[in-house]
Amino acid sequence: QVQLVESGGGLVQAGGSLRLSCAASGRTFRPLMGWFRQAPGKEREFVAAISWIGGSTYYADSVKGRFTISRDNAKSTVYLQMNSLKPEDTAVYYCAMGRSTSLNDYDYWGQGTQVTVSS
């Protein structure tokens with residue numbers, strides 16, 4: 001089994017920054033760790049992903065240049081540094097373990113952490 005625990009969400013003003021963390025535990029391995037988000041009334045969408053091996057990164061166009069995903073393999077932890085936050089970034093953010101950047105390829109999910117950006 002895999003357990004993913006997110007932390008670091010909160011309330012921030014537009015233009016501010018937050019860093020999310022996702023600690024993974026368990027013996028099942030998937031090559032990618034991803035961050036997704038879901039705003040009220042909207043579908044869950046891909047934000048960013050990183051490979052455990054090699055550290056390749058992938059970003060949604062909406063966050064490129066503002067968000068940075070990174071990982072610490074020794075701690076089995078993935079981070080999402082979010083800068084220049086906008087009100088439209090408000091959502092519940094989920095980390096997940098999977099095989100690609102497609103939501104359907106992720107089979108282990110965290111409980112989510114709320115990010116609220118005020119204007």
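Undergrad: Give a detailed account of the overall build of the protein, specifying residues and quantitative values.
TA: If you tally the helices and strands in the protein, you get zero helices and 11 strands. Ordering the α and β elements of the protein from the N terminus gives β-β-β-β-β-β-β-β-β-β-β. Here the C-alpha radius of gyration of the protein, 13 Å, is about what a compact globule of 119 residues would show, namely 14 Å. With the C-alpha coordinates aligned to their principal axes, the bounding extent of the protein is approximately 40 × 25 × 25 Å. Counting over 119 residues, the protein shows a buried share of 43%. Restricting the contact set of the protein to residue pairs at least 6 apart, pairs at least 24 apart contribute 55%. Mean positive and mean negative side-chain charge positions of the protein (12 and 9 charges, respectively) differ by 6 Å.

Undergrad: Describe in detail the sheet that holds strand 7 (residues 67–72), supporting the description with residues and values.
TA: Strand order in the open sheet made by the four strands is 1-3-8-7, with antiparallel pairing throughout. Two strands lie at the open edges of the sheet, namely strand 1 (2–7) and strand 7, each paired on one side alone. Between one strand and the next, the sheet's axes are offset by a mean angle of 15 degrees, whatever the strand orientation. Judged from the six bridges that link them, strand 7 and strand 8 (residues 77–82) form a sheet pairing that is antiparallel. Bridging from a neighbouring strand, phenylalanine 67 pairs with methionine 82 of strand 8.

Undergrad: An account of the pairing of strand 11 (residues 113–118) is needed here, citing residue identities and associated values.
TA: Of the two faces of strand 11, only one is covered, namely that formed by Thr113, Val115 and Val117; the face formed by Gln114, Thr116 and Ser118 stays uncovered. In terms of strand pairing, strand 2 (residues 10–13) meets strand 11 through four bridges, oriented parallel. Residue glycine 10 lies in a different strand from strand 11, and its bridge partner there is valine 115. Two strands pair when backbone bridges link them, and strand 9 (residues 91–98) and strand 11 are joined in this way by three bridges, in the antiparallel orientation. Note on strand 11: the bridge partner recorded for alanine 91 is valine 115.

Undergrad: I'd love a proper account of the environment of leucine 11, names of residues and values included.
TA: Relative to the helices and strands, leucine 11 resides in strand 2. Sequence-distant contacts of leucine 11, that is, excluding residues within four places in its chain, are made with Thr116 and Ser118.

Undergrad: Could you give an account of the nonpolar core, with specific residues and numbers?
TA: Grouped together as the largest cluster of nonpolar side chains are 35 residues, with contacts concentrated most on Leu4, Trp35, Leu80, Met82 and Tyr93. When sequence neighbours within four positions are dropped, the list of residues in contact with methionine 82 reads Gly16, Ser17, Leu18, Leu20, Arg66, Phe67, Tyr93 and Val115.

Quick notes on the rules
- Numbering of residues starts from 1 in every chain and runs along the sequence as written.
- Under the rules for a predicted model, residues below a pLDDT of 70 receive no local features and side-chain atom pairs below 80 are neither given nor counted, while totals for whole chains, interfaces and linings still include all residues.
- Excluded from the side-chain calculations are hydrogens and water; all other atoms, namely the structure's heavy atoms, are used.
- Secondary structure follows DSSP: runs of H or I at least 4 residues long count as helices, runs of E at least 2 residues long count as strands, and numbering of each begins at the N terminus.
- The globule rule used here is 2.2 Å times the number of residues to the 0.38 power, and the radius of gyration it is set against is calculated over C-alpha atoms.
- Under the scheme applied here, a residue whose accessible area is under 20% of the maximum for its type counts as buried, over 50% as exposed, and between as partly exposed, the area being computed with a 1.4 Å probe on protein chains only.
- Two residues form a contact once any of their heavy atoms are found within 4.5 Å.
- When charges are counted, Lys and Arg contribute as positive and Asp and Glu as negative, whereas His and the chain ends are disregarded.
- To locate a charge, take NZ of a lysine, CZ of an arginine, CG of an aspartate or CD of a glutamate.
- Two strands qualify as a pair provided DSSP detects at least 2 bridges between them.
- Axes here mean lines fitted to C-alpha atoms, for a helix over just the part in contact, with angles spanning 0 to 180 degrees between N-to-C directions.
- To qualify as a nonpolar core, a set must consist of buried Ala, Val, Leu, Ile, Met, Phe, Trp, Tyr and Cys residues joined through side-chain atoms within 4.5 Å.

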